Amino acid sequence: MRNVRVKYVRVAESADFIAMANGLLAAYRSEAFPIRMVFFSSPDNNDSFCLQRAQIYDVVRQKYGDRSPVVSYVAQKPLDGCSMVLEVHEIFLEKEDCLAYKQCNNFPYIVLTGKEGKSLFLGAVWGTDANDPVQKQSEEIFSQIQQILNQEQMPVNTIVRQWNYLERITGFEGDEQRYQAFNDARSLFYAQTEWPQGYPSATGIGTRRGGIQVSLQTYLPKEGEKLPVALDNRLQIAAHSYSQQVLLGETNSRLKTKTTPKFERAKLLFTPSGKLVYISGTAAIRGEASLVDADIRHQTLATLENIEHLISPDSQRLAGIQHPTTARITGCRVYVKHPEDWEDCKAVVSQRYPDLPAVYIEADICRTELLVEIEGIAFLND
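Residues numbered from 1 in each chain as written. Predicted model: local features only at pLDDT ≥ 70, side-chain atom pairs only at ≥ 80, totals over all residues. Heavy atoms only, no water.

Colleague: Kindly report on the overall build of the protein chain, identifying the contributing residues and their values.
Modeller: When helices and strands are tallied, the protein chain shows seven helices and 21 strands. For the protein chain, the C-alpha radius of gyration of 19 Å lies close to 21 Å, the compact-globule estimate for 382 residues. Overall, the C-alpha framework of the protein chain stretches about 50 × 50 × 45 Å when taken along its three principal axes. Per-residue burial for the protein chain yields a buried fraction of 59% across its 382 residues. Residue pairs in contact within the protein chain that sit at least 24 positions apart in sequence constitute 79% of those at least 6 positions apart. Accessible area of the protein chain: about 15,400 Å², with a carbon and sulfur share of 48%. A distance of 5 Å separates the average location of the 41 positive side-chain charges in the protein chain from that of its 47 negative side-chain charges. (Helix = DSSP H or I, 4+ residues; strand = E, 2+ residues; numbered from the N terminus. Rg over C-alpha atoms; globule rule 2.2 N^0.38 Å. Buried < 20%, exposed > 50% of the residue type's maximum accessible area, 1.4 Å probe, protein only. Contact = heavy atoms within 4.5 Å. Areas by Shrake-Rupley, 256 points an atom, 1.4 Å probe, with all protein chains shown as cover. Lys, Arg positive; Asp, Glu negative; His and termini not counted. Charge placed at Lys NZ, Arg CZ, Asp CG, Glu CD.)

Shown next as structure tokens:
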């Protein structure tokens, strides 16, 4: 697995969507190899979303050709005055590395094979119709992901990072909450195998449009190489161990209980140049309860404290890391529920991390009482 660097690119607002997308790519300056691109903007409806998503894929293909990064288009509004923001994940390649650009049912993905093992980078995968019920969309998406993993002979439990984007995440379909319906579908998909190294790091976040989309990364180390490690947090109960009391909606007819969100608080990967940590979407939750009486500043501070505990030497020690070290956060997404809160949120983050590359975007959080969620990437200082 290679180190991942995150960059954020912004351009002046324009009335022309394609011009903005091209402007972002023109403004982007690479220092390593761009492996993943995520575009954030706010379409008016699902028809506009699908059209703009196709336009973004065309723009990226025109610039990069057959060696295009994997792409996601996420219907979340940037909160810094821009109409569109680009997030780029760069990796540092070595001489032994081999990149293969592939497709399965028109979904592009990239396979990186190196001396330590094999990684797969997959952009957004979606179902036939963004207006279909969550269960149908989720089953189509996970079926597609399964086909890709089968094609590459990578087990499901090699997924180390997953992004789950859900339109109207806290809404209901009858008696079933949409996020809970997705969690049930994910649980059934994951149930086909054991997870000895823990579940993936993940984010489940709301979007304005687009139905359901899932993107991910896998890692399969060669025999003898170090396996990924799940990191936990003393301040929070693991999401996959939540009680039924915090899971909303009626129980799915296929299941005996409402299933928990299957992800770890963070996942640590060993790379040739250090330890990479994928920090899952983190919010102001202590134990399994939300800090319901906290305003945006207090929720933001509590969220940052959760992340700091999560990547601390103490958490590393609990996970069996033999030589715990301090961690350095190198980039983050900050999801803010109410646009009017974003400047207060940014003030708290900036005071604690003045030079941290970050993007602030409007998004609904998976619990109605939560005002902010933060995900990111960190490195352990060897």
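Anyway, onward from the coordinates.
Colleague: Could you give me a rundown of the side chain of arginine 178, with the residues and numbers involved?
Modeller: Here arginine 178 lies in helix 4 (residues 178-190). Apart from the residues lying within four places of it in its own chain, the contact partners of arginine 178 are Val134, Leu166, Glu167, Arg168, Ile169, Gly171, Phe172 and Glu173.

Colleague: Explain the sheet that holds strand 3 (residues 70-75) to me, and be specific about the residues and the numbers.
Modeller: With mixed pairing, four strands are arranged side by side in an open sheet as 1-5-2-3. Looking at strand neighbours, the two that pair on one side only are strand 1 (4-10) and strand 3, the edges of this open sheet. When the angles between neighbouring strand axes are averaged without regard to direction, this sheet yields 20 degrees. Here strand 2 (residues 33-41) pairs with strand 3 via six bridges, running parallel. When the sheet's bridge partners are listed, valine 38 is paired in strand 3 with serine 72. Strands in contact with helix 1 (residues 17-27) are strand 1, strand 2, strand 3 and strand 5 (85-91); relative to strand 2, the strand with the most contacts, it is inclined by about 145 degrees. Contacts from helix 2 (residues 46-64) reach strand 2 and strand 3 within the one sheet, and its direction differs from that of strand 3 by about 150 degrees. (Pairing = 2+ DSSP bridges. Axes fitted to C-alpha atoms, helices over the stretch in contact; angles between N-to-C directions.)

Colleague: Pulling in residues and values, what's your account of the nonpolar core?
Modeller: Residues Ile35 and Ile377 are the most contacted members of the largest nonpolar core, which totals 34 residues. What isoleucine 377 contacts, discounting residues up to four positions off in sequence, is Val4, Val6, Leu276, Val277, Tyr278, Ile279, Arg328, Ile329, Thr330 and Gly331. Counting 33 residues, the second largest nonpolar core, distinct from the first, contains Leu120, Ala181, Ala239 and Cys366. (Core = buried A, V, L, I, M, F, W, Y, C linked by side-chain atoms within 4.5 Å.)

Colleague: For the pattern of salt bridges, give the residues involved together with the corresponding values.
Modeller: Under the counting rule described, the total for this entry stands at 19 salt bridges. With a closest N to O distance of 2.9 Å, glutamate 362 and arginine 208 form a salt bridge. With glutamate 362 in strand 20 (residues 358-362) and arginine 208 in the loop between strand 12 (201-207) and strand 13 (212-221), this residue pair connects regions lying 154 residues apart in the sequence. Glutamate 362 gets classed as buried once you look at its relative accessible area, which sits at 16%. (Salt bridge = Lys/Arg side-chain N within 4 Å of Asp/Glu carboxyl O.)

Colleague: Tell me about the UniProt feature "domain: Chorismatase FkbO/Hyg5-like N-terminal" (unreviewed entry) in the protein chain, and please be specific about residues and values.
Modeller: Mapped onto this numbering, the UniProt entry annotates "domain: Chorismatase FkbO/Hyg5-like N-terminal" (unreviewed entry) at residues 116-215. Taken as a whole, residues 116-215 contains 31% helix and 34% strand, while its terminal C-alpha atoms sit 23 Å from one another. (UniProt positions renumbered as here; feature names shortened; annotations may be inferred.)

Colleague: Explain the packing of helix 1 against helix 2 to me, and be specific about the residues and the numbers.
Modeller: Following both chains from N to C, one finds helix 1 and helix 2 inclined at 40 degrees, their axes separated by 10 Å at the closest point. Viewed along their axes, helix 1 and helix 2 adopt a mutual orientation that is oblique. Our pair here, helix 1 against helix 2, has a crossing hand that is right-handed. Of the residues in helix 2, those in contact with Phe17, Ile18, Ala21, Asn22 and Leu25 of helix 1 are Gln52, Gln55, Ile56, Val59, Val60, Lys63 and Tyr64. (Parallel < 35°, antiparallel > 145°, perpendicular 65-115°, else oblique. Left-handed = near helix turned anticlockwise from the far one by under 90°.)

Colleague: Account for helix 4, naming residues and giving values.
Modeller: Structural remark: α-helix, 3.6 residues per turn; residues separated by three or four positions point the same way. With 13 residues, helix 4 ought to run about 18 Å at 1.5 Å a step, and its terminal C-alpha atoms sit 18 Å apart, in line with that. Buried within helix 4 we find Arg178, Tyr179, Gln180, Ala181, Phe182, Asn183, Asp184, Ala185, Arg186, Ser187, Phe189 and Tyr190. Summarising the contacts, the buried residues of helix 4 are in contact with helix 3 (134-151), strand 9 (159-167), strand 10 (172-173), strand 11 (176-177), strand 12 and strand 13. (Expected span 1.5 Å × (residues − 1).)

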